[in-house]
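# Breakdown of the fold
So the chains spell out like this:
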Amino acid sequence: FPNLYLYESIVSAAKAKKIEIIFDGQDGDTTISHGFERLYELFKNFRWILMVYEIFRYSLFNNLSLIKTFKFFSRQILNKLGIFLKTHNESIVIDDIQMQKSEKRLFHKTVMDSHYEKLYAPVHSIGCEWSFLFFKYHGIKTRSPFFDRDLCKFCLSVPSKWKLRKGRSRYILRKYLEKFLPKLIHDRPGKANLSHGIIYNISDADYFRIHQEVLNMHPYLRDIVNKDRLIEFVNILRTKKGLSDHIVTSLFAFVSAN
C-alpha cells in the first residue's frame, strides 16, 4: 500500500517525460542478501564465538546498541527454532487481528531464513505482479533486472560468509563497489531514509489530508485499524518528533487503503 502512493507520482513524472519502460530496483536486497542466515548457520554448527563476534561487529558498524542487537538476533534464532516469544504489537492493525495472524504463523518469516527461502517467498512474485498490472494500466512497462534468473542463481550459490562478514551485510556487493564508489556510499550502514524526506517536505495540506482520512475512516477499516494508535502517529507527524520510517509507511498504507 505505501508503494501505491509512490507509484502514482512515478507514473505522473514518467508520463510527463514520455517514458515507456521503467527499470526498477525490485528486489536488490533480497537477491544479494543481507546475509543474516549466516548467524543461524554458525549457531547450528556450534560456532558460537564467531557468531557473537559477527553480531558485535554488526552493532558496531551500524552504530546500534549491542544489548538490543543481541536481543533481536537471539529472538530471531528462537523463532527459527519454533520458539515464539510474546511480542508487542506496534502496527496500526488492532491487537486481536494481529495476534491471531501471529499465532497462525501462515507466512511467518525470520531474518534467519535461508537465502533461498527469502528469495522464493511468494511476496516477491505478488509484488511484481501488482506493480506490473498497475503500470500496465498506465501504458508503462516495468523491468526488474535484479530478478534476472542467472543473477539469482549466482547469488544463491555464494557462501553466506561473503554475504555477512565482519559485521557488514551484503559484504560481497560492498567489496565490488569499492572499485567505483567512495567509502561514504559503498560502506554506508543503512539505506535511504524515507522519513527524513517526509520531515522536510510534508506540508500543512498533506497533514490536513491525512488527518481528514483518519476522521473519515472507511467502514471496512474500522474493525481492522487501531484508531487511537493511528491518531498518535498523526500527532507525531504534526510535531515531527520521533518520526520514523515505520510511522510514515503506516500512514501511507492507511491513506492508500482508505
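Now for a look at the structure at hand. (Residues numbered from 1 in each chain as written. Predicted model: local features only at pLDDT ≥ 70, side-chain atom pairs only at ≥ 80, totals over all residues. Heavy atoms only, no water.)

## Brief notes about the overall build of the protein
Each helix and strand in the protein was counted, giving 16 helices and four strands. For the C-alpha atoms alone, the extent of the protein along its principal axes is close to 55 × 45 × 35 Å. Split into buried and exposed, the 258 residues of the protein put 32% on the buried side. When contacts within the protein are restricted to residue pairs at least 6 apart in sequence, those whose partners lie at least 24 apart make up 71%. Counting only carbon and sulfur atoms, one obtains 59% of the accessible surface of the protein, whose full area is about 17,100 Å². The positive charge centre, built from 41 side chains, and the negative charge centre, built from 26, are 6 Å apart in the protein. (Helix = DSSP H or I, 4+ residues; strand = E, 2+ residues; numbered from the N terminus. Buried < 20%, exposed > 50% of the residue type's maximum accessible area, 1.4 Å probe, protein only. Contact = heavy atoms within 4.5 Å. Areas by Shrake-Rupley, 256 points an atom, 1.4 Å probe, with all protein chains shown as cover. Lys, Arg positive; Asp, Glu negative; His and termini not counted. Charge placed at Lys NZ, Arg CZ, Asp CG, Glu CD.)

## Thoughts on the packing of aromatic side chains
Applying the stated criterion across every chain yields a total of 13 aromatic pairs. For the ring pair Tyr 7 and Phe 134, a centre distance of 5.6 Å and an interplane angle of 40° mean the geometry is tilted. Residue Tyr 7 is located in helix H1 (residues 2-16), and its partner Phe 134 is located in helix H8 (residues 122-137); the two are separated by 127 residues in the primary sequence. Of the two residues, Tyr 7 and Phe 134, neither departs from the other in class, the shared state being buried. Summarising the aromatic geometry, the rings of Phe 36 and Tyr 58 are spaced 5.5 Å apart at their centres and angled 85° between planes, so their arrangement reads as edge-to-face. Of this pair, Phe 36 sits in the loop between helix H2 (28-32) and helix H3 (37-44) while Tyr 58 sits in helix H4 (residues 48-61), placing them 22 residues apart in sequence. Each member of the pair, Phe 36 as well as Tyr 58, carries the same accessibility label: buried. Members of the aromatic cluster, joined through ring pairs, are Phe 36, Tyr 58, Phe 72 and Phe 73. (Phe/Tyr/Trp six-rings, centres within 6.5 Å; stacked < 30°, edge-to-face > 60°.)

## Section: the packing of helix H15 (residues 227-239) against helix H16 (residues 245-257)
Helix-helix packing: each pair is described by the crossing angle between the helix axes and the interaxial distance. Running from amino to carboxyl end, H15 crosses H16 at an angle of 120°, the nearest separation of the two axes being 10 Å. With respect to H16, the element H15 is oriented oblique. Read as a crossing pair, H15 and H16 show a hand that is left-handed. Between H15 and H16, the contacting residues are Leu 230, Phe 233, Val 234, Ile 236 and Leu 237 on the first element and His 246, Ile 247, Ser 250, Leu 251 and Phe 254 on the second. Broken down by class, the residue content of the contact of H15 with H16 amounts to eight nonpolar, two polar and no charged. (Axes fitted to C-alpha atoms, helices over the stretch in contact; angles between N-to-C directions. Parallel < 35°, antiparallel > 145°, perpendicular 65-115°, else oblique. Left-handed = near helix turned anticlockwise from the far one by under 90°. Nonpolar A, V, L, I, M, F, W, Y, C, P; charged D, E, K, R; others polar.)

## Looking at the side chain of Thr 110
Examined against the element boundaries, Thr 110 turns out to sit in the loop between helix H6 (95-104) and helix H7 (115-119). Separated by 3.1 Å, the side chain of Thr 110 and the backbone nitrogen of Met 112 make a polar contact. A polar side-chain atom of Thr 110 sits 3.2 Å from a polar atom in the side chain of Asp 113. Ignoring anything within four residues of it in the chain, the contact list for Thr 110 reads Gln 76, Asn 79, Lys 80 and Lys 118. (Polar contact = N/O pair within 3.5 Å; in protein donor to acceptor, adjacent residues only side chain to side chain.)

## Some remarks on the packing of helix H13 (residues 204-215) against H16
Closest axis-to-axis distance for the H13/H16 pair is 10 Å, and the angle between their directions is 60°. Taken as axis vectors, H13 and H16 run oblique relative to one another. The two elements H13 and H16 meet at a crossing, and its hand is left-handed. On H16, the residues that touch Arg 209, Ile 210, Glu 213 and Val 214 of H13 are Leu 251, Phe 254 and Val 255. Its residues assigned to classes, the contact of H13 with H16 comprises five nonpolar, no polar and two charged.

## Details of a nonpolar patch on the surface
Residues Tyr 176, Phe 180, Leu 181, Leu 184 and Ile 185 make up a contiguous nonpolar surface patch of about 540 Å² in total accessible area. Within the secondary structure, Ile 185 sits in helix H11 (residues 183-186). (Patch = residues over 30% accessible without salt bridge, like charges linked within 9 Å, V, L, I, M, F, W, Y side chains within 5 Å. Salt bridge = Lys/Arg side-chain N within 4 Å of Asp/Glu carboxyl O.)

## Considering the environment of Ser 125
With respect to the helices, strands and loops of the structure, Ser 125 is situated in helix H8. For the pair Ser 125 and Lys 153, spaced 28 residues apart in the sequence, the C-alpha separation amounts to 16 Å. In terms of polar contacts, Ser 125 uses its side chain to reach the backbone carbonyl oxygen of Pro 122, at 2.9 Å.

## Side note on the pattern of salt bridges
Counted under the stated rule, the structure contains eight salt bridges. Residue Arg 38 pairs with Glu 54 through a salt bridge whose shortest N-O separation is 2.5 Å. Residue Arg 38 is located in helix H3, and its partner Glu 54 is located in helix H4; the two are separated by 16 residues in the primary sequence. A residue is classified by how much of its surface remains accessible, and Arg 38, at 10% relative accessible area, is buried. For Glu 54, a relative accessible area of 3% corresponds to the buried category. We note a salt bridge from Lys 80 to Asp 113, for which the minimum N-O separation is 2.9 Å. Here the residue Lys 80 occupies a position in helix H5 (residues 66-80), and Asp 113 occupies one in the loop between H6 and H7, the gap between them amounting to 33 residues. Judged by its relative accessible area of 6%, Asp 113 falls in the buried class. Each of the salt bridges in this network shares a partner with another, and the network as a whole consists of Lys 80, Asp 113 and Glu 117.

On their own, these measurements won't tell you what the molecule is for.
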